[in-house]
Amino acid sequence: MLAVRGLKKSFGTNTVLKSIDMQVDKGKVIAILGPSGSGKTTLLRCLNALEIPDEGIVGFEDHQVDFSQKVKQQELIKLRRKSGMVFQSYNLFPHRTVLENVMEGPVQVQKRDKQTVKAEAIELLDKVGLKDKKDLYPYQLSGGQQQRVGIARALAIKPELMLFDEPTSALDPELIGEVLRVMKDLANEGWTMVVVTHEIKFAQEIADEVIFIDGGVIVEQGPPADVLSHPKEERTQRFLHRILNPTE
Amino acid sequence: MLTSNMVFGGIVIPWELLQQSFWPILIEGIKVTIPLTLISFFFGIILALITALVRISNIKPLRWIFSVYVSAIRGTPLLVQLFIIFYLLPELNIMIDPYPTAIIAFSLNVGAYASEIIRASILSVPKGQWEAGFTIGMTYRKTLFRVILPQALRVSVPPLSNSFISLVKETSLASQILVTELFRKSQQIGATNLDQIVYIYILAAFIYWIICFVLSLAQHQLERRLDRYTAR
């Protein structure tokens, strides 16, 4: 569904991504792991052009963007509309209700019929367990609830691909579960997902493939049973050891 | 009803004169000062919004022009600006009355100051809000108008109200280019009652104060309405 070739990105003199290749097949869940500063969030943000790569190709089957050349704004918008994004800090629209947040994309961007969209939005909110909160404003919700609205808002535009940027990192520990459960449901429904996460257990359980990235390169990738349970590379082993034994 | 002058330790308050002058001055306030403020503020805000949007955009030459405009207006006295426009327009063979001349000057002035308020308010909206707009497929313009400006507006209401209330008082400068507004009316009444002129000016001050007080009540109402989506 999505193929990335030779993706490079620097911020000033700091090279964050050094030629990344990756492929996402339809219906698969890819977990991206890596130490902080490894470039994993930048990689995710390059997939929907929130960061503009310096070089490389981000290609969907029917829409390829080659960043080696100057890319028109219109091309970026088209690329962006392929995927839905869930942010670490939720980024809900504070001046709109839960329902309005979810309806904003389909109504304002896709110009779809308001009544149809409303019915769909309520269904999506039901799916994330927040139907009864539809008329509240974001500040009236807990972090976990806000993030679930964030997921519903991203789903509402009916993207081909769902991107998650550390969706549980800003949450209190007891709220992480409710968000991960929604994500697990989506995976079971067959959504194609790329998830940047620190939740090793979640990756182990849900992901079809794990990509371990460090220093702007993919160090190791494969099924979670290999990469997480029997990592070959020393850097992967060290990272997993640190995460699983934080006090050592 | 007080009809005679009251005496406080040698100070004689001319109540009768004040009662006679109150309505003529207040009427100029309602007929001239308030419309002058409202119209100038309206055009000023439009100009400010355009200026702010240009200055956060990446249209280089326009950005430069609007930066010079803001700098020049902020760097010169309003009274001098009024005089320049008052004398410049006839030089350019543009013959208009003092009243519209004042509107032009005040609008330009508000435009410069308020543009900085609006620009800062736009910049105060977290970057994540732009990104959230982009990721649901919005263009820059759509994100600006649907996501960023509504939030920026909330932030800018208190400082813009401040500008508005300042403008009410600054319109008194229009008296200097022969606009008969609240203050000029007081001057005219004072000129025929030179002995009591200070009381006429105190009366004028009092009327400005009432107008500004009512306006700040309106500001609180507006802030309350806009507060419905924020935790307090």
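What counts, and at which threshold
Residues numbered from 1 in each chain as written. Chains lettered and ligands numbered in written order. Predicted model: local features only at pLDDT ≥ 70, side-chain atom pairs only at ≥ 80, totals over all residues. Heavy atoms only, no water. UniProt positions renumbered as here; feature names shortened; annotations may be inferred. Helix = DSSP H or I, 4+ residues; strand = E, 2+ residues; numbered from the N terminus. Rg over C-alpha atoms; globule rule 2.2 N^0.38 Å. Buried < 20%, exposed > 50% of the residue type's maximum accessible area, 1.4 Å probe, protein only. Contact = heavy atoms within 4.5 Å. Areas by Shrake-Rupley, 256 points an atom, 1.4 Å probe, with all protein chains shown as cover. Lys, Arg positive; Asp, Glu negative; His and termini not counted. Charge placed at Lys NZ, Arg CZ, Asp CG, Glu CD. Salt bridge = Lys/Arg side-chain N within 4 Å of Asp/Glu carboxyl O. Pairing = 2+ DSSP bridges. Axes fitted to C-alpha atoms, helices over the stretch in contact; angles between N-to-C directions. Phe/Tyr/Trp six-rings, centres within 6.5 Å; stacked < 30°, edge-to-face > 60°. Lys NZ or Arg CZ within 6 Å of the ring centre and 35° of its normal. 1 Å grid on protein atoms, 1.4 Å probe; cavity = no way out; pocket = protein on both sides within 12 Å on 5 of 7 lines; lining within 4 Å. Points joined across faces, edges and corners; volume = space filled by probe spheres on them. Nonpolar A, V, L, I, M, F, W, Y, C, P; charged D, E, K, R; others polar.

In the nomenclature of an unreviewed UniProt entry, chain B is known as Cysteine ABC transporter permease of Terribacillus saccharophilus. In its Sequence similarities (unreviewed entry) section, the UniProt entry covering chain B states "Belongs to the binding-protein-dependent transport system permease family." Chain B has a UniProt comment under Subcellular location (unreviewed entry) that states "Cell membrane".

The name given to chain A in an unreviewed UniProt entry is L-cystine ABC transporter ATP-binding protein, and the organism recorded there is Terribacillus saccharophilus. The Subcellular location (unreviewed entry) field of the UniProt record for chain A holds the comment "Cell membrane".

Of regular secondary structure, chain A possesses nine helices and ten strands. Expected size for 248 residues packed as a compact globule is a radius of gyration near 18 Å; at 18 Å, chain A falls within 12% of this value. C-alpha extents for chain A along the principal axes are approximately 55 × 45 × 30 Å. Buried positions account for 56% of the 248 residues belonging to chain A. Residue pairs at least 24 apart in sequence account for 63% of intrachain contacts in chain A once pairs closer than 6 positions are excluded. About 11000 Å² of surface is accessible on chain A, with carbon and sulfur atoms providing 45% of the total. Treating the 33 positive side-chain charges of chain A as one cloud and the 35 negative ones as another, the clouds have centres 5 Å apart.

Looking now at the pattern of salt bridges. Scanning the model with the defined rule gives 20 salt bridges over all chains in all. The salt bridge partner of A:Glu189 is A:Lys127, with a shortest N-O separation of 2.7 Å. In this pair, A:Glu189 sits in the loop between helix H6 (173-188) and strand S8 (192-196) while A:Lys127 sits in helix H4 (residues 114-127), placing the two residues 62 residues apart along the sequence. For A:Lys127, a relative accessible area of 34% corresponds to the partly exposed category. With a shortest N-O distance of 3.0 Å, A:Glu205 and A:Lys184 are connected by a salt bridge. Linking A:Glu205 in helix H7 (residues 200-206) with A:Lys184 in helix H6, this pair joins segments that are 21 residues apart in sequence. Each of A:Arg45, A:Glu51, B:Lys127 and B:Glu131 takes part in one network of salt bridges that share partners.

Residue and element names in this part refer to chain A. Across the sheet, which stays open at both edges, the six strands sit in the order S6-S7-S8-S3-S9-S10 with mixed pairing between neighbours. With one partner strand each, in any of the chains shown, strand S6 (83-86) and strand S10 (217-222) form the two edges of the open sheet. Adjacent strand axes in the sheet meet at a mean angle of 20 degrees, parallel and antiparallel pairs treated alike. Here strand S9 (residues 209-214) pairs with S10 via five bridges, running antiparallel. Following the sheet pairing, aspartate 214 is matched in S10 by valine 217.

Take the packing of aromatic side chains next. Think of a pair of aromatic rings as described by two things: how far the centres are apart, and how the planes are tilted against each other in angle. With the rule as written, the count across this model stands at nine aromatic pairs over all chains. Arranged with centres 5.1 Å apart and planes meeting at 80 degrees, the rings of B:Phe86 and B:Tyr87 form a pair that is edge-to-face. Given the relative accessible area of 52%, B:Tyr87 is considered exposed. Here B:Trp130 and B:Tyr140 contribute two aromatic rings whose centre-to-centre distance is 5.1 Å and whose plane-to-plane angle is 25 degrees, an arrangement assigned as stacked. Residue B:Trp130 is found in helix H5 (residues 127-135), and its partner B:Tyr140 is found in helix H6 (residues 140-170); the two are separated by ten residues along the sequence. Cluster of aromatic residues (ring-pair linked, three or more members): B:Phe83, B:Phe86 and B:Tyr87. In this structure, A:Arg153 packs its charged tip against the face of A:Phe93, placed 4.5 Å from the ring centre.

Our focus in this paragraph is the sheet that holds strand S2 (residues 14-24) of chain A. All names here are of chain A. Pairing within the open sheet is antiparallel, and its four strands lie in the order S2-S1-S4-S5. What marks the edges here is a single partner per strand, and that holds for S2 and strand S5 (63-66). Shown here is a sheet whose adjacent strand axes are inclined to one another by a mean of 15 degrees, direction ignored. Where helix H1 (residues 40-47) meets the sheet, it contacts strand S1 (2-11), S2 and strand S4 (55-60), and its direction lies at approximately 120 degrees from that of S1.

All names here are of chain B. Summarizing the sequence annotation, UniProt attributes the feature "transmembrane region" (unreviewed entry) to residues 32-54, 66-89 and 198-218 in the numbering used throughout. Across residues 32-54, the secondary structure splits into 100% helix and 0% strand, with the terminal C-alpha atoms separated by 33 Å. Between the C-alpha atoms that bound residues 198-218 the distance is 31 Å, and the span itself is 100% helix and 0% strand.

A separate point is the layout of surface pockets. With a probe scaled to a water molecule rolled over the atoms, the places where space remains empty come into view. Counted as a void, the largest pocket has a volume near 520 Å³. Surrounding the largest pocket, 23 residues form its lining, A:Leu50, A:Arg80, B:Trp130, B:Phe134 and B:Tyr140 being those nearest its centre. Elements supplying a minimum of two residues to the lining of the largest pocket: helix H2 (73-80) of chain A together with helix H4 (98-124) and H5 of chain B. As for the second largest pocket, its lining consists of 15 residues, and the residues nearest its centre are B:Phe41, B:Leu160, B:Ser161, B:Phe164 and B:Leu222. For the lining of the second largest pocket, the secondary-structure elements that each account for two or more residues are helix H1 (15-56), H6 and helix H8 (197-226) of chain B. Among the elements that make up the lining of the second largest pocket, the one with the highest residue count is H6(B) (six residues). Split by residue class, the lining of the second largest pocket holds twelve nonpolar, three polar and no charged.

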